[in-house]
Amino acid sequence: LLDADAVALAAAAENVPQARRLLLCSGWPDEAAAFPRRAAAGRRPARYDWIVSNPPVHRGQPDCFDVLVQLIRGARRRLRPLGVLWLVAQEQVPVGRLLALHGSFEWVKADVSEDGRFVTWSAGGRAAGPRLAAPDGRLRKRAEEWLAAEPAEAEPEG
(Lines give C-alpha, C1' and ligand atoms only; values in the text may rest on other atoms or scores of the structure.)
Protein backbone atom coordinates (compact mmCIF):
# COMPACT_ATOMS: atom_id res chain seq x y z
CA LEU A 1 0.00 0.00 0.00
CA LEU A 2 1.22 3.48 -0.86
CA ASP A 3 -0.11 6.85 0.26
CA ALA A 4 1.21 10.34 0.91
CA ASP A 5 -0.90 10.65 4.07
CA ALA A 6 0.09 8.60 7.13
CA VAL A 7 -3.47 8.53 8.51
CA ALA A 8 -4.85 7.30 5.17
CA LEU A 9 -2.10 4.68 4.99
CA ALA A 10 -2.98 3.42 8.48
CA ALA A 11 -6.68 3.20 7.51
CA ALA A 12 -5.80 1.36 4.30
CA ALA A 13 -3.66 -1.09 6.28
CA GLU A 14 -6.67 -1.89 8.48
CA ASN A 15 -8.87 -2.38 5.41
CA VAL A 16 -6.30 -4.57 3.64
CA PRO A 17 -4.64 -6.59 6.42
CA GLN A 18 -2.94 -8.93 3.95
CA ALA A 19 -0.87 -6.04 2.51
CA ARG A 20 2.80 -6.96 2.84
CA ARG A 21 4.33 -3.50 2.45
CA LEU A 22 3.30 0.02 3.46
CA LEU A 23 4.96 2.94 1.67
CA LEU A 24 4.52 6.53 2.81
CA CYS A 25 5.28 8.60 -0.30
CA SER A 26 3.54 10.91 -2.77
CA GLY A 27 4.32 9.07 -6.00
CA TRP A 28 5.96 5.95 -7.31
CA PRO A 29 8.65 5.00 -4.79
CA ASP A 30 12.30 4.58 -5.67
CA GLU A 31 12.28 0.87 -6.39
CA ALA A 32 15.76 0.21 -5.00
CA ALA A 33 14.86 1.88 -1.70
CA ALA A 34 11.39 0.32 -1.44
CA PHE A 35 12.50 -3.18 -2.46
CA PRO A 36 16.20 -3.43 -1.51
CA ARG A 37 16.48 -7.24 -1.64
CA ARG A 38 14.90 -7.36 -5.10
CA ALA A 39 17.23 -4.61 -6.36
CA ALA A 40 20.33 -6.20 -4.76
CA ALA A 41 19.51 -9.50 -6.45
CA GLY A 42 19.14 -7.74 -9.81
CA ARG A 43 15.52 -8.85 -10.10
CA ARG A 44 12.91 -6.99 -12.12
CA PRO A 45 10.68 -4.46 -10.34
CA ALA A 46 7.66 -5.84 -8.53
CA ARG A 47 4.52 -6.43 -10.64
CA TYR A 48 0.96 -6.23 -9.39
CA ASP A 49 -2.42 -7.74 -10.27
CA TRP A 50 -4.18 -4.50 -9.36
CA ILE A 51 -3.16 -0.92 -8.77
CA VAL A 52 -6.02 0.94 -7.06
CA SER A 53 -6.06 4.69 -6.46
CA ASN A 54 -8.21 7.64 -5.59
CA PRO A 55 -5.56 10.09 -6.83
CA PRO A 56 -5.29 13.56 -5.31
CA VAL A 57 -6.23 16.26 -7.80
CA HIS A 58 -7.39 18.97 -5.42
CA ARG A 59 -4.05 20.23 -4.13
CA GLY A 60 -5.13 23.78 -4.86
CA GLN A 61 -6.97 25.74 -7.46
CA PRO A 62 -7.10 24.96 -10.29
CA ASP A 63 -7.04 21.18 -10.05
CA CYS A 64 -3.62 19.59 -10.50
CA PHE A 65 -3.38 16.33 -12.45
CA ASP A 66 0.38 15.76 -12.01
CA VAL A 67 0.04 12.82 -9.59
CA LEU A 68 -2.65 11.24 -11.77
CA VAL A 69 -0.49 11.57 -14.91
CA GLN A 70 2.52 10.08 -13.07
CA LEU A 71 0.34 7.19 -11.86
CA ILE A 72 -1.00 6.46 -15.36
CA ARG A 73 2.44 6.68 -16.99
CA GLY A 74 4.01 4.26 -14.49
CA ALA A 75 1.15 1.79 -14.07
CA ARG A 76 1.54 -0.34 -17.20
CA ARG A 77 5.13 -1.39 -16.44
CA ARG A 78 4.18 -2.16 -12.82
CA LEU A 79 1.19 -4.33 -13.72
CA ARG A 80 1.33 -8.02 -14.55
CA PRO A 81 0.19 -8.85 -18.11
CA LEU A 82 -3.43 -9.32 -17.00
CA GLY A 83 -3.21 -6.62 -14.31
CA VAL A 84 -5.75 -3.81 -13.99
CA LEU A 85 -5.37 -0.15 -13.03
CA TRP A 86 -8.39 1.06 -11.00
CA LEU A 87 -8.96 4.79 -10.50
CA VAL A 88 -11.78 6.54 -8.65
CA ALA A 89 -12.27 10.24 -9.28
CA GLN A 90 -14.94 12.92 -9.34
CA GLU A 91 -16.77 12.97 -12.65
CA GLN A 92 -15.21 16.27 -13.81
CA VAL A 93 -11.64 14.91 -13.60
CA PRO A 94 -10.59 14.03 -17.19
CA VAL A 95 -9.36 10.53 -16.36
CA GLY A 96 -10.43 9.08 -19.72
CA ARG A 97 -8.52 11.70 -21.66
CA LEU A 98 -5.47 11.30 -19.44
CA LEU A 99 -5.57 7.52 -19.90
CA ALA A 100 -5.75 8.01 -23.68
CA LEU A 101 -2.94 10.56 -23.68
CA HIS A 102 -0.52 8.96 -21.19
CA GLY A 103 -1.53 5.30 -20.91
CA SER A 104 -0.80 2.32 -23.11
CA PHE A 105 -3.79 0.16 -22.26
CA GLU A 106 -5.69 -2.16 -24.58
CA TRP A 107 -9.01 -1.41 -22.93
CA VAL A 108 -10.55 1.23 -20.66
CA LYS A 109 -13.91 1.07 -18.87
CA ALA A 110 -15.81 3.71 -16.88
CA ASP A 111 -18.58 3.07 -14.33
CA VAL A 112 -20.44 6.16 -13.08
CA SER A 113 -21.79 6.17 -9.51
CA GLU A 114 -25.56 6.22 -9.02
CA ASP A 115 -25.49 9.89 -8.03
CA GLY A 116 -23.27 10.78 -11.01
CA ARG A 117 -20.58 12.42 -8.87
CA PHE A 118 -17.85 9.79 -9.15
CA VAL A 119 -16.47 7.51 -11.85
CA THR A 120 -14.60 4.26 -11.28
CA TRP A 121 -12.19 3.71 -14.16
CA SER A 122 -10.47 0.43 -14.98
CA ALA A 123 -7.80 -0.09 -17.62
CA GLY A 124 -5.76 -3.11 -18.59
CA GLY A 125 -3.99 -5.07 -21.26
CA ARG A 126 -1.20 -3.75 -23.43
CA ALA A 127 -2.11 -1.56 -26.36
CA ALA A 128 -0.56 -2.64 -29.66
CA GLY A 129 0.84 0.87 -30.12
CA PRO A 130 0.57 4.38 -28.73
CA ARG A 131 -3.08 5.29 -28.24
CA LEU A 132 -2.74 8.79 -29.71
CA ALA A 133 -0.06 8.25 -32.30
CA ALA A 134 -1.63 9.93 -35.32
CA PRO A 135 1.04 10.24 -38.06
CA ASP A 136 1.19 14.02 -37.71
CA GLY A 137 0.54 14.13 -33.95
CA ARG A 138 -2.70 16.14 -34.33
CA LEU A 139 -4.75 14.03 -31.93
CA ARG A 140 -2.07 14.16 -29.21
CA LYS A 141 -1.73 17.93 -29.71
CA ARG A 142 -5.50 18.42 -29.39
CA ALA A 143 -5.60 16.37 -26.18
CA GLU A 144 -2.69 18.36 -24.72
CA GLU A 145 -4.39 21.65 -25.68
CA TRP A 146 -7.64 20.52 -24.08
CA LEU A 147 -5.86 19.61 -20.84
CA ALA A 148 -4.04 22.96 -20.77
CA ALA A 149 -7.19 25.02 -21.49
CA GLU A 150 -9.00 26.94 -18.78
CA PRO A 151 -12.31 25.30 -17.83
CA ALA A 152 -15.30 27.03 -19.44
CA GLU A 153 -17.73 28.74 -17.11
CA ALA A 154 -21.17 27.17 -17.02
CA GLU A 155 -23.97 29.12 -18.61
CA PRO A 156 -26.58 30.22 -16.04
CA GLU A 157 -29.86 28.39 -16.45
CA GLY A 158 -32.61 30.70 -17.56
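What counts, and at which threshold
Residues numbered from 1 in each chain as written. Predicted model: local features only at pLDDT ≥ 70, side-chain atom pairs only at ≥ 80, totals over all residues. Heavy atoms only, no water. Core = buried A, V, L, I, M, F, W, Y, C linked by side-chain atoms within 4.5 Å. Buried < 20%, exposed > 50% of the residue type's maximum accessible area, 1.4 Å probe, protein only. Helix = DSSP H or I, 4+ residues; strand = E, 2+ residues; numbered from the N terminus. Contact = heavy atoms within 4.5 Å. Pairing = 2+ DSSP bridges. Axes fitted to C-alpha atoms, helices over the stretch in contact; angles between N-to-C directions.

A. Structural context of the nonpolar core. In this structure, L68, I72, L85, L87, V95, L99 and F105 are the most contacted members of the largest nonpolar core, which totals 19 residues. If you list the elements that add at least two residues to this core, you get helix 4 (66–78), strand 4 (79–90), helix 5 (95–102) and strand 6 (118–124). Of the residues forming this core, the biggest block, five residues, is contributed by helix 4. Contacts of L85, omitting those with residues within four sequence positions, involve I51, L71, I72, A75, L79, L99, F105, W121, S122 and A123.

B. Highlighting the sheet that holds strand 5 (residues 107–112). The mixed open sheet is built from four strands, whose spatial order is 3-4-6-5. The open sheet terminates on both sides in strands that have one partner only, identified here as strand 3 (48–53) and strand 5. On average, each strand axis in the sheet is tilted by 15° relative to the strand beside it, whichever way the strands run. Pairing geometry for strand 3 and strand 4, over five bridges, is parallel. Paired with V52 across the bridge in strand 4 is W86.

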